[in-house]
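Reading the structure
In case you want the letters, here they are:
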Amino acid sequence: MTAQFMLSKKRLTDQAVDLSSIAPVIAVVKNDAYNHGLKDAFESFYAGGIRSFATTSLKEAVRLRSFNQEIMILLLDPSTDFETLKKYSITLTIPSLSFYHKHKEDLKGLTLQLVFKNKLNRLGFNGSSEMKAVLEESSLTINGLWTHFAFAYDGDSDRYTHEVNAWKHVLQELKDYLPSLPYIHAQNSASFYRDGLMPGHTHIRVGALLYGTRPIDQPHAHIHSRQAVRVDASVVEVTRVKAGDSAGYSAAFKATKDTCLAICSIGYGNGLLKERAHFPVAINGNLYPIRVLMMSHLLVEVDETVSIGDHVILYDDSLSFESFTRQGIGAFSEQMAAFNRDTFSYQVID
Ligand SMILES: Cc1ncc(COP(=O)(O)O)c(C=O)c1O
């Protein structure tokens with residue numbers, strides 16, 4: 001009767017195979033693989049041929065190493081736990097020139113990549129001259145350069161073009177170093193969708209698309225998307241309320257006519273976003289409106305055909321993350337990350 005979170009590892013693998021056939025992929029598996037579960041996602045992507053993984057969390061990086069000794073694991077965020085980084089052969093991103101100066105000695109013996117800050121203004125070097133100063137340091141093992149675009153998902157492409165050009169300028173300035181670097185990467189799902197693999201880049205570095213969700217503003221028919229997650233619940237009770245009656249805390253629903261309410265076993269405690277409750281659920285192939293969102297329950301206005309035990313679908317191929325993003329609920333990652341997977345019964349469906 002509890003809410004169910006269902007994962008298709010096969011779809012993740014198929015998506016990995018498809019993308020890898022177009023460009024080498026660094027799989028972004030941060031936040032428990034966008035909440036798909038790090039181990040299941042890793043196994044699926046590995047089976048699909050991916051050998052490079054990136055996360056922001058050292059704990060996840062160490063876990064990835066426990067799954068496989070050979071893969072490349074890139075830590076996107078800085079860490080000063082140099083012992084652990086060395087022990088588990090985790091590639092560290094140097095986030096700034098000052099970090100480099102401060103930890104120069106500790107960085108020896110690690111594999112490193114440099115990040116260009118660009119317009120995101122999160123982490124990174126300010127420009128090629130700063131990066132050159134580190135690339136010149138022969139005692140360090142540097143195997144890559146990367147950046148992250150701030151505007152790839154924007155409809156307005158001027159700002160995106162501007163940041164891409166800034167990055168291309170950096171690469172041009174560093175051109176003498178590039179042939180010896182096996183990892184030059186910048187493109188998230190949206191950037192890859194716009195431009196394919198950019199010249200001079202060795203990999204794309206994608207999350208959303210790998211999990212089967214396309215950027216909404218740039219639909220490219222030739223790239224498949226297969227949402228790998230389904231979320232459903234059950235009808236635990238059907239209640240009839242008379243016109244004028246209410247249901248839920250503080251009369252959250254006021255019946256204007258005699259109404260049938262299905263009480264469904266999922267709520268915001270499972271991580272269902274408030275905005276999702278503005279859109280219907282599917283029961284027995286029909287769509288019904290959510291009237292009240294509670295911590296562990298939904299009250300859904302239904303008809304006489306709905307009964308106890310029926311499946312209540314919140315997300316599937318028809319009620320897709322992509323379609324809800326288009327309707328303003330939030331990015332795929334926001335919808336996914338909100339789920340408290342421990343509160344669900346979890347099932348790998350294939
Ligand atoms: C540094 C970095 N690279 C790549 C990605 C992947 O982005 P997307 O899921 O849009 O492909 C992310 C996600 O936020 C990120 O933070």
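The paragraphs below set out a description of the structure included in this document. Only a predicted model underlies this, so the values are computations on that prediction, with no experimental measurement involved. (Residues numbered from 1 in each chain as written. Predicted model: local features only at pLDDT ≥ 70, side-chain atom pairs only at ≥ 80, totals over all residues. Heavy atoms only, no water.)

1. Focus on the packing of helix H3 (residues 38-47) against helix H4 (residues 58-67)
Put simply, the rule reads: Only the stretch in contact is used when a helix axis is fitted, and all axes are lines through C-alpha atoms; the angle between N-to-C directions ranges over 0 to 180 degrees. Helix and strand assignments follow DSSP, with helices taken as H or I runs no shorter than four residues and strands as E runs no shorter than two, numbered in order from the N terminus. Any angle between 65 and 115 degrees counts as roughly perpendicular, while under 35 counts as roughly parallel, over 145 as roughly antiparallel, and the rest as oblique. Rotating anticlockwise by less than a right angle from the far helix to the near helix defines a left-handed crossing, while the corresponding clockwise rotation defines a right-handed one. Note on contacts: a residue pair is in contact if any heavy atoms of the two residues lie within 4.5 Å. The classification used treats Ala, Val, Leu, Ile, Met, Phe, Trp, Tyr, Cys and Pro as nonpolar, Asp, Glu, Lys and Arg as charged, and all other residues, Gly among them, as polar.
Across the interface, H3 lies against H4 with an axial gap of 11 Å and an inter-helix angle of 50 degrees. One finds that H3 runs oblique with respect to H4. Pair H3 / H4 crosses with right-handed handedness. Only Glu60, Arg63, Leu64 and Phe67 of H4 make contact with H3, whose side of the interface consists of Leu38, Lys39 and Phe42. Of the residues assigned to the contact of H3 with H4, the class counts are four nonpolar, no polar and three charged.

2. Remarks on the environment of Ser296
Positionally, Ser296 belongs in the loop between strand S16 (290-293) and strand S17 (298-302). Distance in space between the C-alpha atoms of Ser296 and Asn270 is 7.1 Å, their sequence separation being 26 residues.

3. Here's the deal with helix H8 (residues 157-173)
Filter applied, for reference: Working rule for helices: expected span equals 1.5 Å times residues minus one. Categorising residues by exposure relies on relative accessible area from a 1.4 Å probe, with only protein chains included: less than 20% of the type maximum marks a residue as buried, more than 50% marks it as exposed, and the intermediate range marks it as partly exposed. Summarising the geometry, the arc corresponds to the directions from the helix axis toward the C-beta atoms.
A rise of 1.5 Å per residue sets the reference length of H8, with its 17 residues, at 24 Å; its end C-alpha atoms lie 24 Å apart and thus fit the reference within 8%. Every buried residue belonging to H8 is among Tyr160, Glu163, Val164, Trp167, Val170 and Leu171, and all of these are buried. Angularly, the buried residues of H8 cover 115 degrees about the axis, an arc narrow enough to put them on a single face. Turned more than 90 degrees from where H8 packs its buried face, Asp158 and His162 sit exposed. Those residues of H8 hidden inside the fold are in contact with strand S6 (111-116), helix H7 (128-135), strand S7 (141-147), strand S8 (183-185) and helix H9 (189-195).

4. As for H3
If you check which residues of H3 are buried, you get Leu38, Asp40, Ala41, Phe42, Ser44 and Phe45. One or two residues past the end of H3 sits Gly49, with phi positive at roughly 100 degrees.

5. Let's talk about the packing of aromatic side chains
To be explicit about the condition: Aromatic pairing here means that ring centres of Phe, Tyr or Trp (its six-membered ring) are within 6.5 Å. Orientation follows from the plane angle: under 30 degrees is stacked, over 60 is edge-to-face, and everything else is tilted. Charge over a ring is defined by NZ of Lys or CZ of Arg lying within 6 Å of the ring centre and within 35 degrees of the ring normal.
Scanning all chains against the criterion turns up 19 aromatic pairs. Seen from their ring centres, Phe45 and Tyr211 are 5.4 Å apart, and the 65 degrees between their planes marks the pair as edge-to-face. Taken together, the positions of Phe45 in helix H3 and Tyr211 in the loop between strand S9 (204-206) and strand S10 (229-241) put the pair 166 residues apart, joining distant regions of the chain. Assessed through its relative accessible area of 0%, Phe45 is described here as buried. Taken together, the ring pairs connect Phe5, Tyr34, Phe45, Tyr211, Phe279, Tyr315, Phe321, Phe324, Phe332, Phe339, Phe344 and Tyr346 into an aromatic cluster. A cation sits over an aromatic face here: Arg51 above Tyr46, 3.5 Å from the ring centre. Across from the ring centre of Tyr346, 5.1 Å away, lies the NZ or CZ of Arg341, which sits over that ring.

6. What about the site of the ligand?
Rules: One heavy atom within 4 Å of a molecule or strand makes the whole residue count as near it. For this analysis, a polar contact is any N or O atom pair within 3.5 Å, provided that within protein one partner can donate a hydrogen and the other can accept it, and provided that sequence-adjacent residues contribute only side-chain to side-chain pairs. Whether a set of points on the 1 Å grid over the protein atoms alone is a cavity depends on a 1.4 Å probe fitting there but being unable to get out, while an open set qualifies as a pocket with protein on both sides within 12 Å along at least five of seven lines; lining residues are those with an atom within 4 Å of a point. More than half of a molecule's atoms within 2 Å of the grid points is what it takes for that molecule to sit in a cavity or pocket.
The environment of the ligand is made up of 13 residues, and the closest members are Tyr34, Tyr153, Ser189, Gly207 and Ala208. A distance of 3.2 Å separates an oxygen atom of the ligand from a polar atom in the side chain of Arg122. One of the backbone nitrogen or oxygen atoms of Gly207 is found 2.8 Å away from an oxygen atom of the ligand. One can see that the ligand is located within the largest pocket. Classifying every residue of the shell around the ligand by side-chain character gives six nonpolar, four polar and three charged.

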